[in-house]
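# Structural features, examined
Listed below, chain by chain, are the residues.
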Amino acid sequence: QAEDGIRDVERSRGLGDVYKRQVYAVPGGTARATIRIYTVSGRLVFAADLPPDAGDYTWNLTSQRGERLAAGLYLYVLVTDRGASTVGRLVIER
């Protein structure tokens with residue numbers, strides 16, 4: 001059985017933009033799930049509600065305000081009504 005949280009991050013290109021696809025798993029019976037992405041200094045730059053049963057989410061590498069994020073290291077966590085995953089690292093390359 002897969003560990004709860006983000007399992008895989010894929011990099012793909014589409015229409016001149018770069019996207020990240022996160023593949024995730026949540027504990028059974030989860031009603032709410034949110035992905036949160038932070039700078040390494042701890043500032044929240046993006047959050048999105050996820051359908052607990054979908055299993056993947058594609059992010060266009062922009063902030064909550066729609067600003068293109070700079071290349072660099074970011075941290076992510078999957079938060080559910082049953083707890084949070086471990087913190088993972090994500091690198092944006094431009």
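Right, let's walk through the structure included here. (Residues numbered from 1 in each chain as written. Predicted model: local features only at pLDDT ≥ 70, side-chain atom pairs only at ≥ 80, totals over all residues. Heavy atoms only, no water.)

### Remarks on the overall build of the protein
- A tally of helices and strands in the protein yields zero helices and eight strands.
- Secondary structure elements in the protein, listed N-terminal to C-terminal, are β-β-β-β-β-β-β-β.
- Here the protein holds 94 residues, and 37% of them are scored as buried.
- Working note: accessible area of the protein is about 5,700 Å², and carbon and sulfur atoms make up 46% of it. (Helix = DSSP H or I, 4+ residues; strand = E, 2+ residues; numbered from the N terminus. Buried < 20%, exposed > 50% of the residue type's maximum accessible area, 1.4 Å probe, protein only. Areas by Shrake-Rupley, 256 points an atom, 1.4 Å probe, with all protein chains shown as cover.)

### Some thoughts on unusual backbone geometry
- With a phi close to 65 degrees, leucine 61 is a non-glycine residue in the positive phi region.
- Structurally, the position occupied by leucine 61 is in the loop between strand S5 (56-59) and strand S6 (72-80).

### Focus: the environment of aspartate 49
- Position of aspartate 49 relative to the elements: it lies in strand S4 (residues 44-50).
- Accessibility expressed as a relative area gives 65% for aspartate 49, which makes it exposed.
- Taking the C-alpha atoms as reference, aspartate 49 lies 9.6 Å from threonine 80; in sequence the two are 31 residues apart.
- In this view, aspartate 49 contacts Ala33 and Thr34; residues no more than four positions away in its chain are not counted.
- Within the structure, the side chain of aspartate 49 is placed 3.0 Å from the side chain of threonine 34, a separation counted as a polar contact. (Contact = heavy atoms within 4.5 Å. Polar contact = N/O pair within 3.5 Å; in protein donor to acceptor, adjacent residues only side chain to side chain.)

### Quick notes on the pairing of strand S8 (residues 88-92)
- Of the two faces of S8, the one holding Gly88, Leu90 and Ile92 is buried and the one holding Arg89 and Val91 is not buried anywhere.
- Bridge count for S6 against S8 is five bridges, and the pairing is antiparallel. Bridge pairing links tyrosine 76 to glycine 88 in S8. (Pairing = 2+ DSSP bridges.)

### A closer look at the packing of aromatic side chains
- One pass over the full model with this rule turns up two aromatic pairs.
- Between phenylalanine 46 and tryptophan 59, the aromatic rings sit 5.4 Å apart at their centres with planes inclined by 35 degrees, giving tilted as the arrangement. In this pair, phenylalanine 46 sits in strand S4 while tryptophan 59 sits in strand S5, placing the two residues 13 residues apart along the sequence. (Phe/Tyr/Trp six-rings, centres within 6.5 Å; stacked < 30°, edge-to-face > 60°.)

### Focus: the environment of aspartate 56
- With respect to the helices and strands, aspartate 56 occurs in strand S5.
- Distance from aspartate 56 to tyrosine 24, taken between C-alpha atoms, is 5.7 Å for residues 32 residues apart in sequence.

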